[in-house]
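# Architecture and fold: a report
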Amino acid sequence: MKPQQKKSQYTLAELTNGLDEVTILGDPQCVISGVGTLKQAAPNQIAFLMNPLYKKYLANTQAAAVIVSQSDAPECPVNAVISRDPYYTYAKIAAYFADKPIFNAGIHPTVVVGANCEIDATVCIGPYCVIGDNVKLARNVILGPGTIIGERVTIDEDTSIDAKVIIYYDVKIGKRVQIFSGTVIGSDGFGLAKHKGQWQKVPQLGSVIIEDDVEIGANCAIDRGAIEDTVLERCVKLDNLVQIGHNVRIGENTAIAGCVGIAGSATIGKNCLIGGAAGLNGHISITDNVMITGMTAVTKTIKEAGVYSSGVGGLVTNLEWRKSSARLHRLEQLNQRVKVLESLLEELIERKDS
Amino acid sequence: MKPQQKKSQYTLAELTNGLDEVTILGDPQCVISGVGTLKQAAPNQIAFLMNPLYKKYLANTQAAAVIVSQSDAPECPVNAVISRDPYYTYAKIAAYFADKPIFNAGIHPTVVVGANCEIDATVCIGPYCVIGDNVKLARNVILGPGTIIGERVTIDEDTSIDAKVIIYYDVKIGKRVQIFSGTVIGSDGFGLAKHKGQWQKVPQLGSVIIEDDVEIGANCAIDRGAIEDTVLERCVKLDNLVQIGHNVRIGENTAIAGCVGIAGSATIGKNCLIGGAAGLNGHISITDNVMITGMTAVTKTIKEAGVYSSGVGGLVTNLEWRKSSARLHRLEQLNQRVKVLESLLEELIERKDS
Amino acid sequence: MKPQQKKSQYTLAELTNGLDEVTILGDPQCVISGVGTLKQAAPNQIAFLMNPLYKKYLANTQAAAVIVSQSDAPECPVNAVISRDPYYTYAKIAAYFADKPIFNAGIHPTVVVGANCEIDATVCIGPYCVIGDNVKLARNVILGPGTIIGERVTIDEDTSIDAKVIIYYDVKIGKRVQIFSGTVIGSDGFGLAKHKGQWQKVPQLGSVIIEDDVEIGANCAIDRGAIEDTVLERCVKLDNLVQIGHNVRIGENTAIAGCVGIAGSATIGKNCLIGGAAGLNGHISITDNVMITGMTAVTKTIKEAGVYSSGVGGLVTNLEWRKSSARLHRLEQLNQRVKVLESLLEELIERKDS
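An account of the accompanying structure is given in this report. (Residues numbered from 1 in each chain as written. Chains lettered and ligands numbered in written order. Predicted model: local features only at pLDDT ≥ 70, side-chain atom pairs only at ≥ 80, totals over all residues. Heavy atoms only, no water.)

## Some remarks on the overall build of chain A
- Across its full length, chain A holds four helices and 39 strands.
- For chain A, the C-alpha radius of gyration of 27 Å lies well beyond 20 Å, the compact-globule estimate for 354 residues.
- With the C-alpha coordinates of chain A rotated into their principal frame, the extents come out at 95 × 70 × 35 Å.
- For chain A, buried positions account for 58% of its 354 residues.
- On chain A, roughly 13,600 Å² of surface is accessible, and the fraction owed to carbon and sulfur atoms is 50%. (Helix = DSSP H or I, 4+ residues; strand = E, 2+ residues; numbered from the N terminus. Rg over C-alpha atoms; globule rule 2.2 N^0.38 Å. Buried < 20%, exposed > 50% of the residue type's maximum accessible area, 1.4 Å probe, protein only. Areas by Shrake-Rupley, 256 points an atom, 1.4 Å probe, with all protein chains shown as cover.)

Below, the structure is given as structure tokens:
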């Protein structure tokens, strides 16, 4: 393992070279040696502005340059990189300064490899990995230390799996997938049949398919299917500690924040956004382009694109919360009182009119 | 490690042999080579119907046979296996087609074993496991690669623990227990005493007892007790990413879905069902036969069997959710308006009557 | 690895020696050989009483001695250790009976150590750990089996990291930190920029700083910063399965219960308490001395100390819950009915008065 070979500094012109829809306002030869936040950047760093929350730091930024939208550019006190999409432009520029160490040492001698494996000569595998029988690892696959790959797993090219990931048997993983440490893929779904008062285990005979360009965070759990496979379509992005039940299918480009739990046999469309710690019932389906806000309980199928939430929200003091809760549970009484008023009033009016 | 020796196909008669309360309507000699869903089954597969959601697929199923209830049997277009409990019957039949690879290679030479261990000759231990001192592993115990077993742990016969499980010292595990990868059992409970403004760690002197036939999913965390032990009674079933605090006791046959968190010293009865991502306060108790719906906050002791939920539910658009939240917090005003109406009306009526 | 050398029993006088604000009522030479709960303690054990829930067990306790407050002392039927803070006193006394096995065997021969590491001679590292290049491990650091330490990580003295922890590159860990198994520190934050309908990964260039005396539970995930570092200040305490997003800063002495998720760029003050399974939005800040109750959605910045909750609570039967939910969504109708009543009544009164 050694750090990627990179230059330690670049001119603005170099950093923006090849980027569409980007113009430099100021000195293209300005030298940048890293990234910083608007508020904290050092004078040799580049920052960006996208979230309006942070605009207050623009006027006094010490950054050498700031990536901004056209509309924020006039207020930028330093070199400006004007972009239609400052966060995207930042992502491309920041990549020049990434210093994630990479393995490039081949297969460590401690790796235990099963029978009949096909492992490309370019594959790197860290110490103490265990590879089951009949595994296929394609070009440029990287496995961090202590990762376990089950029997008959296939991993396609340019996929990177960090330390201590567990991939159970028969799982199929696509190209350019990235999986962070501690994640478990392909453990049994939670299939139980109650018979005469006792739980009987239901065999989980499906597997998991992870398509190209998927990213999966740390310490997630993705169960294998009961009959068919659990599927994460291309470009699905999962944050940390996400639970995916058996038979779930997640449509392409859908992003799921941390601590979300998705129960078995749910189907999620394309381009959805699921907020942190939301929970989805089993056997429901969600159409494309749905956004679920954080901590929402998705209890039923969603057929129209849009933004959805559950229950009532609003952060309040605990005292107000207790009152609201009590009022809610007294709502029926209030309803009865209004009914009484209505009939009394009707009677009065009738008497009056008669 | 090698796949279990199984036949690749069976007749319906073979598959149902020995099953109670099951009858075949059609050809008992029909050959089955796997399982499928009603919707997707190939012509050599067997499917089942239990959830009414999927009944719409029965008429056009391509399956060779379907496991159905008596009432659905007349509509089954192919061979029917009629059962009083189709899901249970499916579980028994599907077991013929399970192909989870099993270890049967003894103790891998890389395993580090502590002093004074008693390890039965039939035990299989994968590469890079570490076994502490004074550990007892009974007949047919299987430990997946990279699993860590702490000092003085005992694991009873036919228990299977997958890769990368961590069992801390002194934990006791029963017979036929199944634990999936990444789970941690016996880490310290969250015991802190605040003294003069600083947290003081409270030693966690209890352990964890996992009784027979318990199943524990992937990446769970089960804390050791503070004084007495944390206990999962026989046949408790946990899904993935479940958190069990110190001193918790879970009664037999209780099943807990993914992402549930149970705070310290809670006691849960027998035959309970806890829905996904529910949370239980510490120091409360729940009687037998309680069902908690998903994402419920269980804030107090439950003394009567039944189904419980918290707050208000209902998935709505985010716009409606904002309105409901606002209305709820204006409820006190509405209440005041009704009070005014009541007194005005009372006055009017008195005037009228006088 | 071998158990700590401890005596197996102590007199009350020994156990309370050096403790402030503690007095013995009874026999200081009473011999204690362990701890127990008030309800279950054996006659040679010491118990404590703090939570009033358990006071009912005081009268009949079999314990040799009980640690109690001044006010509970008169009702203590056995030797009493009177303390202004019984739980803290218990914590100090219980430490005499802790029997967590400790490593003291140096660096196991299977450990893979990178280039240019500085590892103090007192460091203990369990089997199958992997240490990256340029790592610094200070005096008395302990690493459990199978732990992975990334490149350029520094770990300060007396820090103890249990089995199967993953520390990514560049993370800095202070003194006396304790990290339980399965936790992942320094994986990439969930940084994604959508560009022309596709997710583009945003490089995560910050790291994680864990200050002195922090405790982190099992299977947590703590992301590295996007630009600046994610920071856990001194004495922060995390329970299990906690998710900390990128750029989060948690103030000193703040304690966070299990299953909490904190989204990126949130800032939490000092001395806060975050209840189990609460969720915090990104980019918000919480001032010092805030308590968040369990399962609360913290959707906005909190500027005043106090206790906060969200939505409405109250555990009810599922039937009542369905009714409340329906009533809430009919609240607008109720509001309209009250409006009608108000105008009718106004009209009536006008007519009357005219």
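What follows picks up the thread again.
## Observations regarding the relation of the copies chain C and chain B
- Of the transformation superimposing chain C on chain B, the axial component is 0.0 Å and the angular component is 120°, with the fit at an RMSD of 0.1 Å. Expressed as a symmetry operation, the mapping of one chain copy onto the other fits a three-fold axis. (Least-squares fit on C-alpha atoms with pLDDT ≥ 70 in both.)

## Overview of the packing of aromatic side chains
- Taken as a whole, this structure holds 19 aromatic pairs over all chains when the rule is applied.
- Here F180 of chain A and Y168 of chain C contribute two aromatic rings whose centre-to-centre distance is 6.4 Å and whose plane-to-plane angle is 45°, an arrangement assigned as tilted. In this pair, F180 of chain A sits in the loop between β19 (178-179) and β20 (184-187) while Y168 of chain C sits in the loop between β17 (166-167) and β18 (172-173), so the two residues belong to two different chains. Across the pair, exposure class does not vary: F180 of chain A and Y168 of chain C are buried alike. (Phe/Tyr/Trp six-rings, centres within 6.5 Å; stacked < 30°, edge-to-face > 60°.)

## Focus on the interface of chain C and chain B
- Listed per partner, the contact involves 79 residues of chain C and 82 residues of chain B.
- Note on chain C versus chain B: buried area summed over both sides is about 6,800 Å², and carbon and sulfur give 64% of it.
- Contact with chain B buries surface across chain C, with Y128, K164 and L315 of chain C losing the most and accounting together for 11% of the total.
- Across the chain C-chain B interface, the total number found is five salt bridges.
- For R337 of chain B, the salt bridge goes to E342 of chain C, with nearest N and O atoms at 2.9 Å.
- Joining chain C to chain B, the criterion identifies 24 residue pairs in polar contact (both at pLDDT 80 or more).
- Sorting the residues of the side of chain C that touches chain B by element identifies α2 (86-94), β27 (237-238), β30 (255-256), β39 (315-317), α3 (318-329) and α4 (331-353) of chain C as the ones contributing at least two each.
- Here the element with the most residues in the side of chain C that touches chain B is α4 of chain C; it accounts for 13 residues.
- Grouping the amino acids of the side of chain C that touches chain B by side-chain chemistry returns 42 nonpolar, 21 polar and 16 charged.
- As judged from the three bridges shared by strand β38 (residues 306-310) of chain B and β39 of chain C, these two strands associate in the antiparallel manner. (Contact = heavy atoms within 4.5 Å. Buried area = accessible area lost by both parts, 1.4 Å probe. Salt bridge = Lys/Arg side-chain N within 4 Å of Asp/Glu carboxyl O. Polar contact = N/O pair within 3.5 Å; in protein donor to acceptor, adjacent residues only side chain to side chain. Nonpolar A, V, L, I, M, F, W, Y, C, P; charged D, E, K, R; others polar. Pairing = 2+ DSSP bridges.)

## Quick word on the interface of chain A and chain B
- Listed by partner, the interface residues are 82 residues for chain A and 79 residues for chain B.
- At the junction of chain A with chain B, the criterion picks out five salt bridges.
- The salt bridge partner of E215 of chain B is K201 of chain A, with a shortest N-O separation of 3.2 Å.
- Summed over the shared surface of chain A and chain B, the number is 24 residue pairs in polar contact (both at pLDDT 80 or more).
- With 10 residues, the top contributor of residues to the side of chain A that touches chain B is helix α4 (residues 331-353) of chain A.
- Of the residues contributing to the side of chain A that touches chain B, the split by class is 41 nonpolar, 24 polar and 17 charged.

## Looking at the sheet that holds strand β5 (residues 45-48) of chain A
Residue and element names in this part refer to chain A.
- Sheet architecture is open: five strands sit in the order β2-β7-β6-β5-β4, paired in mixed fashion. The open sheet has two edge strands, β2 (22-25) and β4 (34-35), and neither has a second partner.
- This element, helix α2 (residues 86-94), spans β2, β4, β5, β6 (65-68) and β7 (79-83) of the sheet and lies at about 135° to β6. (Axes fitted to C-alpha atoms, helices over the stretch in contact; angles between N-to-C directions.)

## Things to note about the sheet that holds strand β15 (residues 154-155) of chain A
All names here are of chain A.
- Read across the sheet, nine strands follow the order β9-β12-β15-β18-β23-β26-β29-β32-β35 without closing on themselves; strand pairing throughout is parallel. In this open sheet, the two edge strands, each paired with only one partner strand, are β9 (118-119) and β35 (285-286).
- Both strand β18 (residues 172-173) and strand β23 (residues 208-210) contribute to a ladder of two bridges, which runs parallel. Bridging across to β23, I173 finds its partner in I210.

## With respect to the pairing of strand β22 (residues 198-201) of chain A
All names here are of chain A.
- Sheet topology places strand β21 (residues 192-195) next to β22; four bridges connect them, and they run antiparallel. Bridged to H195 within β22 is Q198.
- Between β21 and β22, which pair antiparallel in sequence order, lie two residues; one of them, K196, sits at a positive phi of approximately 50°.

## Observations concerning empty space enclosed by the protein
- Within this structure, the stated rule accounts for six cavities of 30 Å³ or more.
- Roughly 100 Å³ of internal volume is contained in the largest cavity.
- Forming the boundary of the largest cavity are 13 residues, of which K164 and G182 of chain A, G182 of chain B together with K164 and G182 of chain C lie nearest the centre.
- The residue inventory of the lining of the largest cavity, partitioned by class, reads four nonpolar, six polar and three charged. (1 Å grid on protein atoms, 1.4 Å probe; cavity = no way out; pocket = protein on both sides within 12 Å on 5 of 7 lines; lining within 4 Å. Points joined across faces, edges and corners; volume = space filled by probe spheres on them.)

## Topic: a nonpolar patch on the surface
Residue and element names in this part refer to chain A.
- A surface patch of nonpolar side chains, amounting to about 210 Å² of accessible area, comprises L273, M291 and V307.
- Tracing the backbone shows M291 in strand β36 (residues 290-292).
- M291 sits in the partly exposed class, given a relative accessible area of 36%. (Patch = residues over 30% accessible without salt bridge, like charges linked within 9 Å, V, L, I, M, F, W, Y side chains within 5 Å.)

## Thoughts on helix α3 (residues 318-329) of chain A
- Taking 1.5 Å as the rise per residue, α3 of chain A with 12 residues should run 16 Å; its terminal C-alpha atoms sit 17 Å apart, in good agreement.
- Regarding α3 of chain A, the residues found buried are N318, W321, S324, S325, R327 and L328 of chain A. (Expected span 1.5 Å × (residues − 1).)

## Section: the environment of T296 of chain C
- Locating T296 of chain C in the fold gives a position in the loop between β36 (290-292) and β37 (297-298).
- Overall, T296 of chain C belongs to the buried group, its relative accessible area being 2%.
- Sequence spacing of T296 of chain C and I262 of chain C is 34 residues, and the spatial spacing of their C-alpha atoms is 12 Å.
- When residues no more than four places from it in sequence are discounted, the contact partners of T296 of chain C are M295 and L315 of chain A together with A278, G279, Y308, S309 and S310 of chain C.
- At 3.5 Å, the side chain of T296 of chain C and the backbone nitrogen of S310 of chain C are in polar contact.

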